[in-house]
Amino acid sequence: MKHLLTVRDLNAETIRRLFELTARLKRTGQASRPLAGKTLGLLFQKPSLRTRVSFEVGMAQLGGQSIYIGPVELQGGQREGAKDLANVLSRYLDGIVARTYSHDHIVEMAAASSVPVINGLSDESHPCQALADLFTVHERFGKLKGVPVAYVGDGNNVCHSLMEASALTGVHLRIAAPRGYTPAAQVLRWAGAQAKRNAGTVELCASPDKAVKGAWVVYTDVWTSMGQEKEAAKREKVFRPYQVNSRLFRQADPQAVFMHCLPAHRGQEVTDQVMDSTRSIVYDQAENRLHVQKAILLELLGKGRSIR
Ligand code: CP
Ligand code: NVA
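All figures in this text were calculated on a predicted structure; none of them were measured in a lab.

Cut-offs used in this document
- Residues numbered from 1 in each chain as written.
- Chains lettered and ligands numbered in written order.
- Predicted model: local features only at pLDDT ≥ 70, side-chain atom pairs only at ≥ 80, totals over all residues.
- Heavy atoms only, no water.
- Near = heavy atom within 4 Å.
- Polar contact = N/O pair within 3.5 Å; in protein donor to acceptor, adjacent residues only side chain to side chain.
- Areas by Shrake-Rupley, 256 points an atom, 1.4 Å probe, with all protein chains shown as cover.
- 1 Å grid on protein atoms, 1.4 Å probe; cavity = no way out; pocket = protein on both sides within 12 Å on 5 of 7 lines; lining within 4 Å.
- Sits in = over half its atoms within 2 Å of the grid points.
- Points joined across faces, edges and corners; volume = space filled by probe spheres on them.
- Helix = DSSP H or I, 4+ residues; strand = E, 2+ residues; numbered from the N terminus.
- Nonpolar A, V, L, I, M, F, W, Y, C, P; charged D, E, K, R; others polar.
- Pairing = 2+ DSSP bridges.
- Right-handed = clockwise from strand over helix to strand, strands pointing away.
- Contact = heavy atoms within 4.5 Å.

Colleague: What should I look at first to understand the site of ligand 1 in this one?
Modeller: Every residue near ligand 1 is listed here: S48, L49, R50, T51, R99, H126, Q129, C261, L262 and R289. For ligand 1, an oxygen atom lies 2.8 Å from a polar atom in the side chain of H126. Bound to the protein, ligand 1 loses 95% of the 250 Å² it would expose on its own. According to the grid-proximity analysis, the pocket containing ligand 1 is the largest pocket.

Here you go:
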């Protein structure tokens, strides 16, 4: 693995290894400083709380440092192109986390970069999120194979990565998304084929109720993603029947948990009752971003083996 642009850069074995390393890092912490002298650049065209803070803290805990380069410096990619940016930054940095509007921008950066590029969210994909999500599911249920997960909401970046990660780990993922907001056809195809190989399933469902029925995990994301603010009013109408509320959540298995990548828009995609219930594991999920990303940093910055 040189870069982490989408979950498709991984396979079942690399995920298993990453999770093993993640569990060890979470359990024991990291006493030595395997990334001492290394610098990570955080290139963010959009705002972030979890991704930025967890990467910065993770890098510090591993003995390295990070530099944040935000929307003001990047000027939406207008100041210079991805190729020049990545070439220059490769001369200073040991790794890059990029959060962009266009996924192609990250792909172009990775093509020009001689150091690892990690996708910290694009319009198409959010791989670090999905890895932390499935690590959290495994932590909760002790397995991934055969676990029924329902995703209710917009079939975009977070959903795409969850589909890909589920397909590689044998999860049974059911997705309910309004017409016009279903996941990209090529992601569905890829995930469907991979799921078959790993004894899982990734499929679309006709309604939120059908997706949630009997699920062990109910997952949702915001109705209006960053960059789509002009569509907010329309989306509020379209997505209203997809709200995760107590009525919908009751259709799930009695041991079901609620998950959300956060930030949550309470009262829209999820109600306070569900967010604040004892079944909600959204803060464990957020915490696990830190542990999973430390494992990713160790793998990509070349130190994964040294701490085994
Ligand atoms: N879930 C997530 O990526 O959060 P941020 O947008 O705050 O980084
Ligand atoms: N789908 C959301 C996820 C935020 C972490 C967005 O792209 O804004």
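Now that the structure is up, let's keep going.
Colleague: I'm lost on the layout of surface pockets in this one. Help?
Modeller: It is a probe the size of a water molecule, rolled over the atoms, that shows where empty space is left. Empty space within the largest pocket amounts to approximately 390 Å³. Taken together, 24 residues form the lining of the largest pocket, with R99, V222, M226, L262 and P263 sitting closest to its centre. Secondary structure elements with two or more residues in the lining of the largest pocket: α2 (50-61) and α7 (157-169). Looking at the lining of the largest pocket, its residues break down into 10 nonpolar, 8 polar and 6 charged. Approximately 270 Å³ is the volume attributed to the second largest pocket. Around the second largest pocket sit 13 residues that line it, and R16, F19, H138, L144 and T169 are the ones nearest its centre. Contributions of two or more residues to the lining of the second largest pocket are made by α1 (12-28), α6 (127-141) and α7. Ranked by residue count, the leading element in the lining of the second largest pocket is α1, at 6 residues. Considered class by class, the residues forming the lining of the second largest pocket number 7 nonpolar, 2 polar and 4 charged.

Colleague: What is the right way to read the pairing of strand β6 (residues 172-176) from this model?
Modeller: One face of the sheet, then the other: side chains in a regular strand alternate in exactly this way. With 5 bridges joining them, strand β5 (residues 148-152) and β6 adopt parallel strand pairing. If you follow A150 over to β6, its bridge partner there is R174. Regarding the hand of the β-α-β motif, the stretch spanning β5, α7 and β6 is right-handed. With 4 bridges joining them, β6 and strand β7 (residues 201-204) adopt parallel strand pairing.

Colleague: Help me understand the environment of H265, please; the structure alone is not making it clear to me.
Modeller: Structurally, H265 can be placed in the loop between β9 (257-260) and α12 (272-275). Placed 43 residues apart in sequence, H265 and V222 show a C-alpha to C-alpha distance of 6.5 Å. Once you skip the residues sitting within four places of it in the chain, H265 turns out to touch V222 and V270.

Colleague: I keep staring at the site of ligand 2 and nothing clicks. Help me out?
Modeller: Surveying the vicinity of ligand 2 reveals the residues L121, N157, V158, D221, V222, S225, M226 and L262. One of the side-chain nitrogen or oxygen atoms of N157 is found 2.8 Å away from an oxygen atom of ligand 2. Take M226: an N or O atom from its main chain is 2.8 Å from an oxygen atom of ligand 2. The protein chains hide 95% of the 270 Å² of surface that ligand 2 would expose on its own. Under a 2 Å grid-point criterion requiring more than half of the atoms, the pocket assigned to ligand 2 is the largest pocket. Of the residues that constitute the shell around ligand 2, the class distribution is 5 nonpolar, 2 polar and 1 charged.

Colleague: Honestly, the environment of C205 in this entry has me stumped. Any pointers?
Modeller: Inspection of the secondary structure assignment puts C205 in the loop between β7 and α9 (208-212). In this structure the C-alpha to C-alpha distance between C205 and A177, which are 28 residues apart in sequence, comes to 7.9 Å. Excluding anything up to four places from it in sequence, C205 contacts R174, I175, A176, K210 and A211.

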